[in-house]
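# Reading the structure
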Amino acid sequence: MRRYGKHTDEDDVRVRPNRKGNRPRTSIRPKHEDAEEGFVLTVDRGRVTCLVEDRTITAMKARELGRKGIVVGDRVGIVGDLTGEKDTLARIVRVEERSSVLRRTADDTDPYERVVVANADRLAIVTALADPEPRPRLIDRCLVAAYDAGLEPLLVLTKSDLASAKPLLETYAPLGVPYVVTSHENFDAEATEAVREHLKGRVTAFVGHSGVGKTTLVNALVERQRATGHVNAVTGRGRHTTTSALALPLPADEGWVIDTPGVRSFGLAHIDPSRVIHAFPDLEPGTADCPRACSHDEPDCALDAWVADGHAEPARLFSLRRLLATRERKEGD
């Protein structure tokens with residue numbers, strides 16, 4: 001067998017022909033500097049629907065992205081056929097850095113994070129005051145996830161014609177969360193406009209228990225119809241009619257709403273409790289004297305003295321501790 005030294009001539013090197021006739025493999029990846037920017041509208045079984053300028057494009061994730069996931073709200077780079085015509089398929093070659101990520105787990109022991117949406121500014125938590133009954137622990141969990149992701153929360157309380165909103169609003173008043181109360185599952189023009197005022201210029205993700213009227217509200221906001229369901233009279237639970245997240249534009253380019261499937265649980269296994277305090281600027285300075293790795297709900301926590309000295313309202317500290325403790329309680333409690 002012939003051996004070659006370090007300084008072989010090209011004529012001395014045998015090149016094995018490529019039988020397939022394609023280019024040899026290389027570790028050098030193309031930069032795709034000509035890729036067009038797209039906005040991910042929905043993801044369904046590997047097919048990604050994106051908005052490129054004013055065209056809706058169907059695309060697949062490029063192999064070079066590896067295991068990197070693509071979710072609704074992502075800003076991506078796309079190459080290939082960008083005409084948006086029927087039976088055309090483009091390729092997503094780049095996922096831009098995300099400004100925010102809303103995540104959840106199946107439960108509080110599940111180590112696997114699920115990214116719900118990317119690049120949202122606000123989280124609208126939709127809950128019915130009756131039929132089905134409100135679930136404060138689920139609301140608490142959604143608030144914790146919003147604070148962790150850096151999203152501004154908004155409470156939307158529906159069906160106030162069936163029950164009073166006052167008790168629930170009193171519970172969340174110390175948090176200063178903005179809210180809208182609507183009187184019926186079918187949203188009239190006044191209720192729709194009240195919600196829309198909070199969404200202008202933002203990308204807002206909508207979450208909520210099945211049957212609370214979330215998708216009905218989204219339909220009223222965007223003037224587009226997605227399938228809606230009803231509440232089971234026996235179990236009191238809603239029916240899952242939204243099976244995948246979908247981004248929809250508000251009229252007059254005033255923003256985006258992202259409708260997500262109804263949830264029955266919102267796991268927080270991925271949440272670092274130390275990040276939740278950032279949503280309480282009146283309490284955060286008081287943690288300077290806390291013990292290392294303080295849970296903010298223990299005898300040596302410095303927040304008790306901070307509040308006792310009048311730097312913040314006791315109700316605010318109570319709300320913080322209620323949210324931090326929500327991982328240890330079941331959502332139906």
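Everything here concerns the structure above.
Residues numbered from 1 in each chain as written. Predicted model: local features only at pLDDT ≥ 70, side-chain atom pairs only at ≥ 80, totals over all residues. Heavy atoms only, no water.

A separate point is the overall build of the protein. Of the regular secondary structure elements, the protein holds seven helices and 13 strands. Every one of the 333 residues in the protein was classed for burial, and the buried ones make up 45%. At a minimum sequence separation of 6, the contacts of the protein that also span at least 24 residues come to 65%. (Helix = DSSP H or I, 4+ residues; strand = E, 2+ residues; numbered from the N terminus. Buried < 20%, exposed > 50% of the residue type's maximum accessible area, 1.4 Å probe, protein only. Contact = heavy atoms within 4.5 Å.)

Bridge analysis of strand E1 (residues 36-44) against strand E4 (residues 75-80) gives four bridges, and the strand direction is antiparallel. The residue of E4 that forms the bridge with Glu36 is Ile78. Where E1 lies against strand E2 (residues 47-52), five bridges are found, and the strand directions are antiparallel. Paired with Asp44 across the bridge in E2 is Arg47. Remark: two residues form the turn of the hairpin made by E1 and E2, two consecutive strands paired antiparallel; Arg45 in that turn has positive phi of roughly 50°. (Pairing = 2+ DSSP bridges.)

Our focus in this paragraph is the sheet that holds E4. Hydrogen bonds along the backbone pair up the strands of a sheet, which may run parallel or antiparallel. Strand order in this closed barrel of five strands is E1-E2-E3-E5-E4, and the pairing throughout is mixed. Between one strand axis and the next, the sheet turns through 55° on average, direction left out of account. Sheet topology places E2 next to strand E3 (residues 55-61); five bridges connect them, and they run antiparallel. When the sheet's bridge partners are listed, Leu51 is paired in E3 with Thr56. (Axes fitted to C-alpha atoms, helices over the stretch in contact; angles between N-to-C directions.)

In the contact formed by helix H3 (residues 189-196) and helix H4 (residues 214-222), the axes pass within 10 Å of each other and the chain directions differ by 85°. Overall, the two elements H3 and H4 adopt an arrangement that is roughly perpendicular. Here Thr192, Val195 and Arg196 of H3 lie close against H4, whose contacting residues are Leu217, Ala220 and Leu221. (Parallel < 35°, antiparallel > 145°, perpendicular 65-115°, else oblique.)

Next up on the list: the packing of aromatic side chains. For any pair of aromatic rings, the description rests on two quantities: the centre-to-centre distance and the angle between the ring planes. Taken as a whole and assessed by the stated rule, the structure comprises two aromatic pairs. On the numbers, 4.8 Å between centres and 50° between planes, the contact of Phe39 with Trp256 is tilted. Of this pair, Phe39 sits in strand E1 while Trp256 sits in strand E13 (residues 255-259); the two residues are 217 residues apart in sequence, bridging distant segments of the chain. Between the aromatic rings of Tyr147 and Phe280, the centroid separation amounts to 6.0 Å while the plane-to-plane angle is 65°, which identifies the pairing as edge-to-face. On the criterion of sequence distance, the pair formed by Tyr147 in helix H1 (residues 136-149) and Phe280 in the loop between helix H5 (273-276) and helix H6 (303-308) is long-range, its members being 133 residues apart. The class of Phe280 is buried, set by a relative accessible area of 0%. The residue whose ring lies beneath Arg104 is Phe266, and the NZ or CZ to ring-centre distance is 5.7 Å. (Phe/Tyr/Trp six-rings, centres within 6.5 Å; stacked < 30°, edge-to-face > 60°. Lys NZ or Arg CZ within 6 Å of the ring centre and 35° of its normal.)

As a further point, take the pattern of salt bridges. Per the counting criterion, the structure on display carries 18 salt bridges. In this structure, Arg322 engages Asp140 in a salt bridge whose closest nitrogen and oxygen atoms are separated by 3.2 Å. In this pair, Arg322 sits in helix H7 (residues 314-324) while Asp140 sits in helix H1, placing the two residues 182 residues apart along the sequence. Of the two residues examined, Arg322 and Asp140, each falls in the buried class. Here Asp297 makes a salt bridge to Arg321, at a shortest N to O gap of 3.9 Å. (Salt bridge = Lys/Arg side-chain N within 4 Å of Asp/Glu carboxyl O.)

On to H1, then. The end-to-end C-alpha distance of H1, which contains 14 residues, comes to 20 Å, matching closely the 20 Å that a straight helix rising 1.5 Å per residue would cover. Most of H1 sits out of view: 13 of its 14 residues are buried. (Expected span 1.5 Å × (residues − 1).)

Let us now look at unusual backbone geometry. The omega torsion of the bond from Asp131 to Pro132 falls at 5°, within 30 degrees of zero and hence cis. We note that Asp87 has phi near 70°; this positive angle belongs to a residue other than glycine. Accessibility expressed as a relative area gives 74% for Asp87, which makes it exposed. Not every positive phi belongs to a glycine, and Asp131 is a case in point at roughly 55°.

Here we come to the pairing of strand E11 (residues 202-208). Among the seven residues of E11, six are classified as buried, and the element is accordingly described as predominantly covered. Where strand E8 (residues 122-128) meets E11, five bridges bridge the pair, whose relative direction is parallel. Counted as the bridge partner of Arg122 is Thr204 from E11. Sheet topology note: the E11/E13 ladder contains five bridges and is parallel. From the neighbouring strand, Val203 faces E13, where its bridge partner is Trp256.

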